[in-house]
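One letter stands for each residue in the lines below.
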Amino acid sequence: MKTSNPVLARLGQAAERERASGYAPAGAYGQPGYGQPYPTDAGYPAAPPTVQPMSIDDVVVKTVTLLGITGLSAAFAWLLVPDALVGAAWIGAAVVGLVLGLVISFMRIANPALVIAYAVVEGVFVGMVSKFFEVIAGYQGIVLQAVIATFGVFFLMAGLYKAKAIRATPKFIRGVIAATVGIFAVILINFVLSLFGVETGLRDGGPIAIGFSLICIVIASLSFILSFHEVEEGVRMGLPRRYSWTAAFGILVSLVWLYIEILRLLSYFQGDD
């Protein structure tokens, strides 16, 4: 089946080649590899084991699992990392998470171990950012507010998608992807400039910073529509179950991004008190 999503198209082609070649690595789907003998009572060669396709339930389970790992990692990082090392741990986790995220995004084969490692690293990142705002900056209660708002937006977008109020048309997909790439380019440039003492106003809590965070929140929210669409397309295309880890990874990325931006936005308003 055809899809307008280039990533899903590539994954679908890879899965189709696996099925057509009659081979899959042993244990890749929790079953013996294709090409191994399967004797039958009648003496006829048995068909290779059927690859179990992923389902929406698979993605839900994997997403909850990754969220649990991220939450536990964040909690341990909050408790174990001293205040003096929060900044270093924050930057380190952000860099490692970025590298892992890029590797997972551009791999053609789903790798559960890498996705789980990403969740652990992102947990450290989230824990350090949260501890900075809640403890070091002194914004009491801001973490709980950001968590509630994040999941509120997530379930709102899920409801809108299910009601077909927002459709992931090819034009919509291209627009959100372009906006996401543009936003991350701006964030990266702003970070590099800040290292040289150049202040752009994007993160200083002023009107420009508030506007920029609102834009980021909107784009992060719309990225859930892409994730939901990818899950539906993956199920429709019959991608193997292991690709549910990749789908869950996409949802986790959007949740973390949305949470960080909401946390920043709330801090701007609390900072004015």
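Keep in mind that what you see is a predicted model, and the values were worked out from it rather than measured.

Draft legend 1. Summary view of the pattern of salt bridges. In total, this model carries four salt bridges according to the counting rule given. Between D58 and R241 there is a salt bridge whose closest N-O contact spans 3.4 Å. Linking D58 in helix α2 (residues 56-80) with R241 in the loop between α7 (207-237) and α8 (244-270), this pair joins segments that are 183 residues apart in sequence. Accessibility expressed as a relative area gives 12% for D58, which makes it buried. Measuring nitrogen to oxygen at the nearest pair gives 2.8 Å for the salt bridge that ties R236 to E233. Of this pair, R236 and E233 are both found in helix α7, three residues apart, which corresponds to roughly one turn of the helix.

Draft legend 2. Just the nonpolar core, in detail. F125 and I225 are the most contacted members of the largest nonpolar core, which totals 66 residues. Elements that contribute at least two residues to this core include exactly α2, α3 (86-106), α4 (112-136), α5 (142-162), α6 (170-195), α7 and α8. What I225 contacts, discounting residues up to four positions off in sequence, is M157, Y161, I166, A168 and F172.

Draft legend 3. Spatial organisation of the side chain of K131. The residue K131 is located in helix α4 in this model. One polar contact links K131 to D83, side chain to side chain, over a distance of 3.2 Å. Contact partners of K131, with chain neighbours within four places excluded, come to W78, V81, P82, D83, V86 and I136.

Draft legend 4. Structural detail: the UniProt feature "transmembrane region" (unreviewed entry) in the protein. The sites that carry the UniProt feature "transmembrane region" (unreviewed entry) are, in the present numbering, residues 59-81, 87-106, 113-133, 139-160, 172-196, 208-231 and 243-260. Annotated as 96% helix and 0% strand, the span residues 59-81 places its first and last C-alpha atoms 32 Å apart. Here residues 172-196 runs as 96% helix and 0% strand, with 37 Å between its end C-alpha atoms.

Draft legend 5. Focus on the layout of surface pockets. What the second largest pocket holds in volume is close to 450 Å³. Lining of the second largest pocket is provided by 18 residues; of these, I56, V60, F154, A158 and F228 occupy positions nearest its centre. When contributions to the lining of the second largest pocket are tallied by element, the ones reaching two or more residues are α2, α5, α7 and α8. Per-class residue counts for the lining of the second largest pocket are 14 nonpolar, one polar and three charged.

Draft legend 6. Layout of α7. Its 31 residues place the ends of α7 45 Å apart at the C-alpha level, agreeing with the 45 Å of an ideal helix rising 1.5 Å per residue. Positive backbone phi, approximately 75°, marks G238, located one or two places after α7.

Reading guide: rules and limits
Residues numbered from 1 in each chain as written. Predicted model: local features only at pLDDT ≥ 70, side-chain atom pairs only at ≥ 80, totals over all residues. Heavy atoms only, no water. Salt bridge = Lys/Arg side-chain N within 4 Å of Asp/Glu carboxyl O. Helix = DSSP H or I, 4+ residues; strand = E, 2+ residues; numbered from the N terminus. Buried < 20%, exposed > 50% of the residue type's maximum accessible area, 1.4 Å probe, protein only. Core = buried A, V, L, I, M, F, W, Y, C linked by side-chain atoms within 4.5 Å. Contact = heavy atoms within 4.5 Å. Polar contact = N/O pair within 3.5 Å; in protein donor to acceptor, adjacent residues only side chain to side chain. UniProt positions renumbered as here; feature names shortened; annotations may be inferred. 1 Å grid on protein atoms, 1.4 Å probe; cavity = no way out; pocket = protein on both sides within 12 Å on 5 of 7 lines; lining within 4 Å. Points joined across faces, edges and corners; volume = space filled by probe spheres on them. Nonpolar A, V, L, I, M, F, W, Y, C, P; charged D, E, K, R; others polar. Expected span 1.5 Å × (residues − 1).

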